[in-house]
Amino acid sequence: MKPRNRRMSRRDERGSVSIWAVLIVAAFTLIIGISVDLTGQINAKMRVTDIAAQAARVAGQQVDADTLMAGQNTTGVNTATARRAALDYIAGAGMTGTVTVQTGGRELQITTSAAYQPLFLSTIGLGPFTVTGNSTARLVRVHEGSER
């Protein structure tokens, strides 16, 4: 009877390796999915921050021509034109944003936001996530290497 008991105990353990294999594959799939989605979200964050910086650059180029041509020491942007140029640039990138012009038109603060739709986490009902980016530009006048 002893050999028969040995066979029965071997049969009782059948399939236990496949359960562990399924659990390990599921865990690895979840880890890889989270890694891919976090990387995608970081890339989306970098993109909205880049668009905010570019929108600040575009807005900063909308210099108030009257003060520039008058030779005044302080030069600012045309507030309405700068705001419109930045918002148009942000909308062209498929994002939303806000533009704040401060310090007499010499400082521009841009905030952009967009939605990131995860690839793997969306299958379990998570997402989309909102990512935001910020940028500040300061308009300065430089003559012979020194700020004026």
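To keep things clear, this report deals only with the structure shown in the data block. (Residues numbered from 1 in each chain as written. Predicted model: local features only at pLDDT ≥ 70, side-chain atom pairs only at ≥ 80, totals over all residues. Heavy atoms only, no water.)

**Things to note about the overall build of the protein**
Reasoning step 1: A count of helical and extended segments in the protein gives four helices and five strands.
Reasoning step 2: Counted from the first residue to the last, the protein has its helices and strands arranged as α-α-α-α-β-β-β-β-β.
Reasoning step 3: Taking all 148 residues of the protein together, the buried fraction comes to 26%.
Reasoning step 4: Contacts in the protein between residues at least 24 apart in sequence constitute 54% of all its contacts with a sequence separation of at least 6. (Helix = DSSP H or I, 4+ residues; strand = E, 2+ residues; numbered from the N terminus. Buried < 20%, exposed > 50% of the residue type's maximum accessible area, 1.4 Å probe, protein only. Contact = heavy atoms within 4.5 Å.)

**Brief notes about the pairing of strand β1 (residues 96–102)**
Reasoning step 1: Relative to strand β2 (residues 107–116), β1 is paired through seven bridges, and the arrangement is antiparallel. Bridging across to β2, valine 99 finds its partner in isoleucine 110.
Reasoning step 2: As consecutive antiparallel partners, β1 and β2 are separated by four residues, and within that stretch threonine 103 has a phi angle of approximately 55°, a positive value. (Pairing = 2+ DSSP bridges.)

**Focus: the sheet that holds strand β3 (residues 129–138)**
Two modes of strand pairing occur in sheets, parallel and antiparallel, and in both the strands are linked by backbone hydrogen bonds.
Reasoning step 1: The three strands lie next to each other as β1-β2-β3, forming an open sheet whose pairing is antiparallel. Looking along the sheet, the strands with just one partner apiece sit at the ends: β1 and β3. Ignoring strand direction, the axes of neighbouring strands in this sheet form an average angle of 15°.
Reasoning step 2: Packed on one face of the sheet, helix α2 (residues 16–60) meets β2 and β3 and runs near 30° to β3.
Reasoning step 3: In the packing of helix α4 (residues 79–92) onto the sheet, the strands contacted are β1 and β2, and the crossing angle to β1 comes to about 160°. (Axes fitted to C-alpha atoms, helices over the stretch in contact; angles between N-to-C directions.)

**Details of the environment of threonine 81**
Reasoning step 1: Its location among the elements puts threonine 81 in helix α4.
Reasoning step 2: We classify threonine 81 as partly exposed; its relative accessible area is 23%.
Reasoning step 3: When the C-alpha atoms of threonine 81 and alanine 59 are compared, they prove to be 7.7 Å apart, with 22 residues separating the residues in sequence.

**Quick notes on the nonpolar core**
Reasoning step 1: Residues Val77, Ala86, Ile90, Met95, Leu108, Ile110 and Val131 are the most contacted members of the largest nonpolar core, which totals 21 residues.
Reasoning step 2: Put simply, the parts of the chain that give this core at least two residues each are α2, α4, β1, β2 and β3.
Reasoning step 3: Not counting residues within four places of it along the chain, the set of residues in contact with isoleucine 110 comprises Ala52, Ala55, Ala56, Ala86, Ile90, Thr98, Val99, Gly133, Asn134 and Ser135. (Core = buried A, V, L, I, M, F, W, Y, C linked by side-chain atoms within 4.5 Å.)

**Section: α2**
Reasoning step 1: For α2, with 45 residues, the first-to-last C-alpha span of 66 Å sits near the 66 Å given by 1.5 Å per residue.
Reasoning step 2: Buried residues of α2: Gly33, Asp37, Gly40, Ala44, Val48, Ile51, Ala52, Ala55, Ala56, Val58, Ala59 and Gly60, and no others.
Reasoning step 3: Lining the buried residues of α2 we find α4, β2 and β3. (Expected span 1.5 Å × (residues − 1).)

**Comments concerning α4**
Reasoning step 1: The terminal C-alpha atoms of α4, which comprises 14 residues, lie 20 Å apart, in line with the 20 Å expected from a rise of 1.5 Å per residue.
Reasoning step 2: In the stretch just after α4, glycine 94 is the one whose phi turns positive, near 80°.

**Examining unusual backbone geometry**
Reasoning step 1: Put simply, glycine 127 and proline 128 share a cis peptide bond, and its omega is -5°.
Reasoning step 2: Along the polypeptide, proline 128 turns up in the loop between β2 and β3.

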